[in-house]
Amino acid sequence: MMEAVNNIVDLVGWEAIKLVIGLVGVLVVVVVNALVLTWAERKVSGHIQRRIGPKEVGPFGLLQPIADTLKLISKELLTPKNVERPLYFLAPVIVFIPVMVSFVVIPFDAYLQVKDINVGILVVLAFSSLSVLSILLAGWGSNNKYSLIGSVRSVAQNIAYEIPLLLALLSVVLMANSLSLRDIVESQKGLWYIFSQPIAFLVFFIAGVAETNRTPFDLPEAESELVAGFHTEYSGMRFALFFLAEYTNMFIICAITTTFFLGGYQGPILPGFVWFFGKTYLLVFVILWFRWTFPRVRFDQLLNFSWKLLIPVSLLNLIITGGILKL
Amino acid sequence: MVGKILQEIKASLVNVDFHEASYERNGYHLSVEARTGNSPEIAKFLKDRAFYIEDLFCVDYIDYVELVYFFNRYKELCRIKVTLKVDAAKPVAPTISDIYTMARWYEREIHEFFGVYFDGHPNLTYLFLHDEIDHYPLRKKAVPVPDEAKKLLNSYKPQEEEDAFFVNLGPQHPSTHGVLRVVVKMDGEYIISAEPVLGYLHRMHEKMAENRGYVQFLPNPARIDYPGALLLNLAHVATVEKLCGIEVPERAQYVRTITCELNRIASHLLWFGAFPADLGALTPFMYAFDDREQILDILEDITGSRLTYCYFRFGGLYNDVGDTFIDKTKAFIKRMRERFSMYDKLITGNVIFVNRAKGTGILEQAEVTKYGCTGPLVRSTGISFDIRKAEPYAVYDQVDFDIPVGTVGDNMDRYHVRMAEMEMSLRIIEQAIAKLPSGPFKAEKVPKKLKPPKGDIYYAVESSRGEAGVYIVSDESDTPYRMRWRVPSFSNLMTFPALAEGNLIADAIATLGSYDIVVPEIDR
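Cut-offs used in this document
- Residues numbered from 1 in each chain as written.
- Chains lettered and ligands numbered in written order.
- Predicted model: local features only at pLDDT ≥ 70, side-chain atom pairs only at ≥ 80, totals over all residues.
- Helix = DSSP H or I, 4+ residues; strand = E, 2+ residues; numbered from the N terminus.
- Rg over C-alpha atoms; globule rule 2.2 N^0.38 Å.
- Buried ≥ 20, exposed ≤ 12 C-beta atoms within 10 Å, placed from the backbone.
- Contact = placed C-beta atoms within 7 Å.
- Nonpolar A, V, L, I, M, F, W, Y, C, P; charged D, E, K, R; others polar.
- Core = buried A, V, L, I, M, F, W, Y, C linked by C-beta atoms within 7 Å.
- Domains from an automatic or database assignment.
- Expected span 1.5 Å × (residues − 1).
- Axes fitted to C-alpha atoms, helices over the stretch in contact; angles between N-to-C directions.
- Left-handed = near helix turned anticlockwise from the far one by under 90°.
- Pairing = 2+ DSSP bridges.

1. Overview of the overall build of chain A
Inference 1: Helices and strands together make up the secondary structure of chain A, namely 15 helices and 0 strands.
Inference 2: Computed over the C-alpha atoms, the radius of gyration of chain A is 21 Å, within 12% of the 20 Å expected from 2.2 N^0.38 for a compact globule of 327 residues.
Inference 3: Expressed as lengths along the three principal axes of its C-alpha atoms, the size of chain A is roughly 60 × 60 × 40 Å.
Inference 4: Across the 327 residues that make up chain A, the buried fraction comes to 45%.
Inference 5: Considering only contacts in chain A between residues 6 or more positions apart, those separated by 24 or more positions represent 78%.

See the structure below:
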């Protein structure tokens, strides 16, 4: 038995096996996380709106996401007549790939990380900007005016908010002297960067909320204007994939914020991954809180906010950080 | 003051006949008959004197059809009825749509219901009906519709080599508040033009009224304006009472005032929930419904229904109110006052909300007479016009209240006006409850079958959206010869194309939300 395992290890190498196990683990985390978040969103929105949210399926309605998933899986996949079929089918698939890759480099615990790449953060940012491609494909392929407007908005929004996102992270990278996510967490042993880089934290979190298309920046799917935006024409499991990707993106942004500003998996007594998930879900709760409290901003206000406020502030922050470090 | 205006009109207008009218009996001050088809000149004359177009409709007298124009003033109420007789066999009349923009819709409505053609109207197409109607619905005798008259407003084809594209907002759209359809021509995110298409909820209440007795029509007003059912119920009941000369006991009048104001708050709360939802904030909706639920419970106790109330009867009420009603209402006032301060903290000060609502959807004060808009929409522009003050009905002259007005007429002003109006309604209810007299709640000896004397009457109340008026022509039979509903949302919505033009679609949606339109009321 051991011999067989050794043979396989010799054949493909430890790294490859670790990667496969890691990817399976990531898949589990992604799905479970999305289920938990849909439940959390319903419960949080319920309590904010003086309701109780789901309570019939399972204790505290905990099995509600499973019931929803079953419903979505069993639904007929409707394809409207006039869609661009290849693009229309491709979009919900593409939306998922960048999401999966981002998970690979996130350090959940000191030793719980699929792969520590020395340019980890660049991988995350590069792949997260791919998700806008799938939104564009969905909007264009649906051949629907609401979808098209939604996807065009999404592209403009993502371009505008990726810049402050990157600039805010760069000031942390300057301080940590590394692009590897684990190094960044390790360098926060003494002081979390939220205290030494509060402006970068705010800019990053706001831009992150905008990147994930959540209220108050949910213009690509503004339901009072664009019905459902880019996923108007999607139903059943295809819609569910977009839905899943949205919640996973939300988790990734919060996970990156935790890694960069809240000390990642570090914390006393409790094991590292508990600290990591605790901090991440706290941030997720804040984003849910935003959604059920704030109105939506207007398109020009959204872009002005990024180009005229976030980018200059984060640039200034970067320059000051660089200057202080040099001294 | 009114006398001076009337004298000026009498002295200046030529080629007209003045008919006797008394405000106490008919509800309007002066009746002018345009003898030589000179209604456009009269309209122009009145527009220069700050008259707004209150209503424009038609009555069929078999030999001839009569166009009836109502003009009124925001300052010093002075209601002028202008009539124009049109040959029934060959009905053609001059248009006033270039003077009063609102007449565009009124004339289209008359065109499809009576077959009257308007010279110079920019697009005389159907407004409510579909093109398979064989006969003009409101004519007394069957008059077939010629095929060439059946024109629908449905040709929206973009010109070639044009960047613009068309989007249909509605009839099924999350933010059109019912089945309203707006055809929007857009260039990117900007709106080039917007054209509301009506008729998806058209139920021909005016025709129904002609075919049933006055009592039988009682439930209908609640279907015309469902969030403010009691207010239109009152408009109908009070008009008939005035026409028949029925005296209403004081207690009934007080209860009418209290219940109407409760209904007004309920209606405004519905708007308060829906407006932030149009801006993307979904939570206020639930809070507003929580409060509205209290009102529904109170009104359910006395009226028996929760939405489409039919509580007022000719000469009084359906039944009396008891102590539980008083106690519950008092408790509600206390609760609501606390809620208002919470709403202020949650929404009024929210920076995103303020940025979205301030400076968008501005309605100019100088423009409002063209449309004849009323209610919070006109008050937001700074005109303090409220039927409750201008011509008090029920017991509004015995309670003390102010008319909240805005300054610039943007979405934020409309928000503030409505919020202040709710607080004002609480004040009215409080005073009315304190003064509520004992006594009968119903007039005695009201005949089961009403046969009002010959004549016509216009009577208006302030509904939660503006001036809701009823015009009745009685021919001494037990059914009205003609019943016309002047509804506020209809004239308010007409301002939308002008306000939407050149703006972002997000702002246009917010503006439409701030109007508080009710589609069954527009379509009737």
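What follows picks up the thread again.
2. A few points about the interface of chain B and chain A
Inference 1: At the interface, 27 residues of chain B touch 23 residues of chain A.
Inference 2: Of all the secondary-structure elements, those providing two or more residues to the side of chain B that touches chain A are β8 (165-169), α8 (250-278), α9 (283-303), α11 (351-357) and α18 (505-515) of chain B.
Inference 3: The class makeup of the residues in the side of chain B that touches chain A is 16 nonpolar, 6 polar and 5 charged.

3. Description of the nonpolar core
Inference 1: Among the nonpolar cores identified, the biggest contains 233 residues, and A:Phe204, A:Ala207, B:Phe71, B:Ile80, B:Leu234, B:Ala235 and B:Val461 are the most heavily contacted of them.
Inference 2: By residue number, the principal contributor to this core is helix α13 (residues 236-261) of chain A, which donates 15 residues.
Inference 3: Here this core gathers at least three residues from each of two domains, domain 1 (2-149) and domain 2 (214-220 + 233-479) of chain B.
Inference 4: Among all residues touching B:Ile80, those that are not within four sequence positions of it are B:Ile9, B:Tyr28, B:His29, B:Leu30, B:Val32, B:Leu46, B:Phe51 and B:Phe71.

4. Things to note about helix α14 (residues 272-291) of chain A
Inference 1: Helix length check: α14(A), at 20 residues, gives a terminal C-alpha distance of 29 Å against a target of 28 Å (1.5 Å per residue), a fit within 8%.
Inference 2: Residues of α14(A) that are buried make contact with α2 (14-48), α11 (198-211) and α13 of chain A.

5. Some details on the packing of α2(A) against helix α5 (residues 97-105) of chain A
All names here are of chain A.
Inference 1: Where α2 meets α5, the axes come as close as 10 Å, and the angle between the chain directions of the two elements is 115°. Handedness of the α2/α5 crossing: right-handed. Where α2 abuts α5, its residues Gly 22, Val 26, Val 29 and Val 30 lie against Val 99, Met 100, Phe 103 and Val 104.
Inference 2: Of the residues contributing to the contact of α2 with α5, the split by class is 7 nonpolar, 1 polar and no charged.

6. A look at the pairing of strand β5 (residues 80-87) of chain B
The side chains of a regular strand alternate, residue by residue, between the two faces of the sheet.
All names here are of chain B.
Inference 1: Relative to β5, strand β2 (residues 30-34) runs parallel, the two being bridged by 4 bridges. The partner of Glu 33 across the bridge, within β5, is Thr 83.
Inference 2: The sheet contact formed by strand β4 (residues 64-73) and β5 spans 8 bridges and is antiparallel. If you follow Phe 71 over to β5, its bridge partner there is Ile 80.
Inference 3: Hairpin connection between β4 and β5: a loop of 6 residues separates the two successive antiparallel strands, and Glu 76 in this loop has a positive phi of roughly 35°.

7. Quick word on the sheet that holds strand β10 (residues 190-197) of chain B
Backbone hydrogen bonds hold the strands of a sheet together, and the pairing may be parallel or antiparallel.
Residue and element names in this part refer to chain B.
Inference 1: The 3 strands lie next to each other as β8-β9-β10, forming an open sheet whose pairing is antiparallel. If you trace the sheet from one side to the other, it starts and ends with β8 and β10, each paired once. Across the sheet, the axes of successive neighbouring strands diverge by a mean angle of 25°, strand direction being ignored.
Inference 2: Note that β8 and strand β9 (residues 181-187) share 5 bridges and pair antiparallel. Counterpart to Asn 168 in the pairing with β9 is Val 183.

8. Here we look at the environment of A:Asp116
All names here are of chain A.
Inference 1: Considering the arrangement of structural elements, one finds Asp 116 in the loop between α5 and α6 (120-128).
Inference 2: A tally of 13 C-beta atoms within 10 Å means that Asp 116 is categorised as partly exposed.
Inference 3: Sequence-distant contacts of Asp 116, defined by excluding residues within four places in its chain, comprise Ser 180 and Arg 182.

9. Here we look at the domain arrangement of chain B
All names here are of chain B.
Inference 1: The assigned domain composition of chain B is domain 1 (2-149) and domain 2 (214-220 + 233-479).
Inference 2: A separation of 29 Å is found between the C-alpha centroids of domain 1 and domain 2.
Inference 3: In this assembly, 18 residues from domain 1 lie in contact with 16 residues from domain 2.
Inference 4: Looking at the side of domain 1 that touches domain 2 element by element, the count peaks at 6 residues for strand β3 (residues 51-60).
Inference 5: When the residues that make up the side of domain 1 that touches domain 2 are grouped by side-chain class, the tally is 11 nonpolar, 3 polar and 4 charged.

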